[in-house]
Amino acid sequence: MNENGIKKKFNLAALFAPTDMTEGSPGKRIVAFAIPMLIGNIAQQLYNTVDSIVVGRYVGDNALAAVGSASPILNLLLVLFVGISVGASIMVSQYFGAKQREELSGSIGCSITLTAISSVIIMILAPLVVRPLLRLLNTPDSIMDWCASYLIILFVGIAGMSYYNILSGILRGLGDSVSALVYLLVATVLNIILDILFVAVFDMGVAGVALATAIAQAVSAVMCIFKLARMKDIFDLKLHYLKPEKKHSADMIRLGLPSGFTQAIFSMAMIIVQSLTNSFGEMFIAANVIIMRVDGFAMMPNFSFGTAMTTYAGQNVGARKYDRVEKGAREGTIIAAVISAVITSLILIFGKYLMGIFTETKELVELSMHLMQILAVGYIAMAVTQCLSGVMRGAGDTMTPMWISLITTVAIRVPLAYGIAWMTRTPELPNGRNECVFISLLCSWVLGAVMTYFFYRKGAWKKKALES
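Quantities reported herein were computed from a predicted structural model and do not represent experimental measurements. Position numbers for residues start from 1 in each chain and track the written sequence from start to end. Per-residue local features are limited, in this predicted model, to residues with pLDDT of at least 70; the limit for side-chain atom pairs, both in listing and counting, is 80 or more; totals at the level of whole chains, interfaces and linings are taken over all residues. Hydrogens and water are ignored here; the side-chain numbers use all heavy atoms of the structure.

**Points about the packing of helix α11 (residues 282-318) against helix α12 (residues 322-355)**
Filter applied, for reference: The convention used is that axes are lines fitted to C-alpha atoms, helices contributing only their stretch in contact, and that angles between N-to-C directions extend from 0 to 180 degrees. Each helix corresponds to a stretch of at least 4 residues labelled H or I by DSSP, and each strand to a stretch of at least 2 residues labelled E; elements are numbered beginning at the N terminus. Relative orientations are named as follows: roughly parallel for angles under 35 degrees, roughly antiparallel for angles over 145 degrees, roughly perpendicular for angles from 65 to 115 degrees, and oblique for any other angle.
Direction vectors running N to C along α11 and α12 enclose 170°, while the axes themselves pass 9 Å from each other. Relative to α12, the element α11 lies roughly antiparallel.

Here it is, written out as structure tokens:
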């Protein structure tokens, strides 16, 4: 009995320990790593989903539209953290795979310091530009104040959000996706409780939703810090490592800048498309919010396996096991595509019931379902894009995914959306057909998958590993 107890304790400890993905079955390693990520992404999506449900049910459809209209600006101003997070995750996974303790410690310390600097910049800058950006988006006056208060609260409390995302990325780079999941689940439960308390009980409206999210993410960030501080057998978290060295800072910028730039371009395109979206009125804006919340669940296997492939590729490239990288890329992509197809099918079958959670307005549910059907096949294409882009990023090639994203978003999606809108204008539809927003998105996804597969097969990513 005592021996069994010791065995259970050991297994539990192993579950929360870093995972060496350079050994064992590639497919099994990737799936085992991706499952906690998938559950975590469900929890992450619950942040946004619960926010939308609470404001939609307790405040109204216009409040739901306000939360959605704020999203492109939020994403735009988070590009600094996207860059740091991606650069840190790649460096951590490669140094961990190469068993280089000193370099691993320095890269983690550097990312912590750069996150602090970026947080201060965003806290000062963001509140000054929120309203001008909302006006640039042609945000309706009826939701302007709600959008502004929502964004300002989130940006003032940005440190919690940024540190959770970056520190959980470091944990995943070390192969520990379970700890990040547990901390996120705790934060999600807290977020739900605070959402209901601030909005339904204290009647704080959209501002209450933002405050709940900021508090919950700060709690998850603190838990990540404590976890990393206890991992002394893997790396050292000492004060002198917090001083960014030139090499680590340069590598983090080189690796992370393309991803941050990609996010910036994507967010700018979203802002341009959001302006088109806003021209179709509050009903379409609210439908767009509902679809994006459901879209978050449909995309979860793609993002989960994409991140898993980044860690997997990073560790194996660090260990110079390129044949193993290619085998894992093939197996991981096939698994992700199958899971994505199943989830998308379920959404198409039961989508109306899911969308009915957000609103009681029948016309809004029917519009949302119609638009969701346009996107359906694109989720399988995104499985290919996310997995193979993840491999390239993990190997250190962050430029190729950036250029693909730039082409599909700027050269394809935006012109196509406005072009379809212009060609379908009628006296009854002076702004064109609103389906243009989603048809253009579908086209960009499919073409992105084709381009990503082509450049992955060319193999230039194999030459991008960090120098020992």
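There is more to say, and it comes next.
**Section: the layout of surface pockets**
Basically, it comes down to this: Here a cavity denotes grid points, spaced 1 Å and computed from the protein atoms alone, that fit a 1.4 Å probe unable to get out, and a pocket denotes an open set having protein on both sides within 12 Å along at least 5 of 7 lines; residues with an atom within 4 Å of a point are the lining. Grid points are joined across faces, edges and corners, and a volume is the space filled by probe spheres set on the points. Under the grouping applied here, Gly and all other residues not named as nonpolar or charged are polar, the nonpolar ones being Ala, Val, Leu, Ile, Met, Phe, Trp, Tyr, Cys and Pro and the charged ones Asp, Glu, Lys and Arg.
Considered as a void within the structure, the second largest pocket measures approximately 230 Å³ in volume. In terms of lining, the second largest pocket is formed by 13 residues, of which the most central are E326, R330, Y453, Y456 and R457. Those elements that place two or more of their residues in the lining of the second largest pocket are α12, α14 (378-394) and α16 (436-458). A per-element tally of the lining of the second largest pocket places α12 first, with five residues. Residue classes in the lining of the second largest pocket are distributed as seven nonpolar, two polar and four charged.

**A short note on the domain arrangement of the protein chain**
Put simply, the rule is: Here the bounds of each domain stem from an automatic or database domain assignment. We call two residues in contact when some of their heavy atoms are within 4.5 Å. Accessible area that two parts lose when put together, evaluated with a 1.4 Å probe and summed over both, is termed the buried area. Just to be clear on terms, a salt bridge is a Lys or Arg side-chain nitrogen sitting within 4 Å of an Asp or Glu carboxyl oxygen. We define a polar contact as two N or O atoms separated by no more than 3.5 Å, with the added condition that, inside protein, one atom must be a possible hydrogen donor and the other a possible acceptor, whereas residues neighbouring each other in sequence contribute only through side-chain atom pairs.
Segmenting the protein chain into domains produces domain 1 (24-244) and domain 2 (253-467). Contacts between the two partners involve 55 residues from domain 1, matched on the other side by 58 residues from domain 2. Across the domain 1 to domain 2 interface the summed buried area is about 4600 Å²; carbon plus sulfur atoms make up 67%. It is I30, R57 and Q94 that lose the most area in domain 1 upon contact with domain 2, and together they represent 14% of the buried surface on that side. At the junction of domain 1 and domain 2, the tally comes to zero salt bridges. Between the two partners, domain 1 and domain 2, sit three residue pairs in polar contact (both at pLDDT 80 or more). Mapped onto the side of domain 1 that touches domain 2, the elements with two or more residues apiece are α2 (26-58), α3 (61-76), α4 (79-97) and α7 (158-173). With 19 residues, α2 is the largest single contributor of residues to the side of domain 1 that touches domain 2. Per-class residue counts for the side of domain 1 that touches domain 2 are 27 nonpolar, 24 polar and four charged.

**Remarks on the packing of aromatic side chains**
How two aromatic rings sit relative to each other is given by the distance of their centres and the angle of their planes. Quick note on the threshold: The aromatic pairing rule takes the rings of Phe, Tyr and Trp, using the six-membered ring of Trp, and pairs them if the centres are within 6.5 Å, calling planes under 30 degrees apart stacked, those over 60 edge-to-face and the rest tilted. Only protein chains enter the accessibility calculation, which uses a 1.4 Å probe; a residue whose area is less than 20% of its type maximum is buried, one above 50% is exposed, and one in between is partly exposed.
Considering all chains together, one arrives at six aromatic pairs under this definition. Look at F284 and F438: their rings are 6.1 Å apart centre to centre, the planes differ by 70°, and that puts the pair in the edge-to-face class. Of this pair, F284 sits in helix α11 while F438 sits in helix α16, and the two are 154 residues apart along the sequence. Both residues of the pair, F284 and F438, count as buried. Where F454 meets F455, the ring centres are 5.1 Å apart and the plane angle is 85°; that geometry is what we call edge-to-face. Look at F454 and you get partly exposed, because its relative accessible area is 48%. Chaining the aromatic ring pairs together yields one cluster made of F280, F284 and F438.

**Comments concerning unusual backbone geometry**
Working note: non-glycine residues mostly have negative phi, and peptide bonds are mostly trans. Despite not being glycine, D203 has its phi angle at roughly 55°, a positive value. Tracing the sequence through the fold places D203 in the loop between α8 (177-201) and α9 (205-229). Judged by its relative accessible area of 66%, D203 is exposed. Although it is not a glycine, R320 adopts a positive phi angle of roughly 60°. With respect to the helices and strands, R320 occurs in the loop between α11 and α12. Among the residues examined, R320 registers a relative accessible area of 40% and is labelled partly exposed.

**What about the pattern of salt bridges?**
Counted by the stated rule, this structure contains five salt bridges. Among the salt bridges present, the one from K321 reaches E23, with a minimum N-O distance of 2.9 Å. Placement of the pair is K321 in the loop between α11 and α12 and E23 in the loop between α1 (2-15) and α2, with a sequence separation of 298 residues. Given the relative accessible area of 28%, K321 is considered partly exposed. When its relative accessible area of 45% is taken as the criterion, E23 is described as partly exposed. A salt bridge links D236 to R101; the shortest N-O distance between them is 2.9 Å. Here the residue D236 occupies a position in the loop between α9 and α10 (246-278), and R101 occupies one in helix α5 (residues 101-136), the gap between them amounting to 135 residues. In this structure D236 comes out as buried when scored by relative accessible area, which is 18%.

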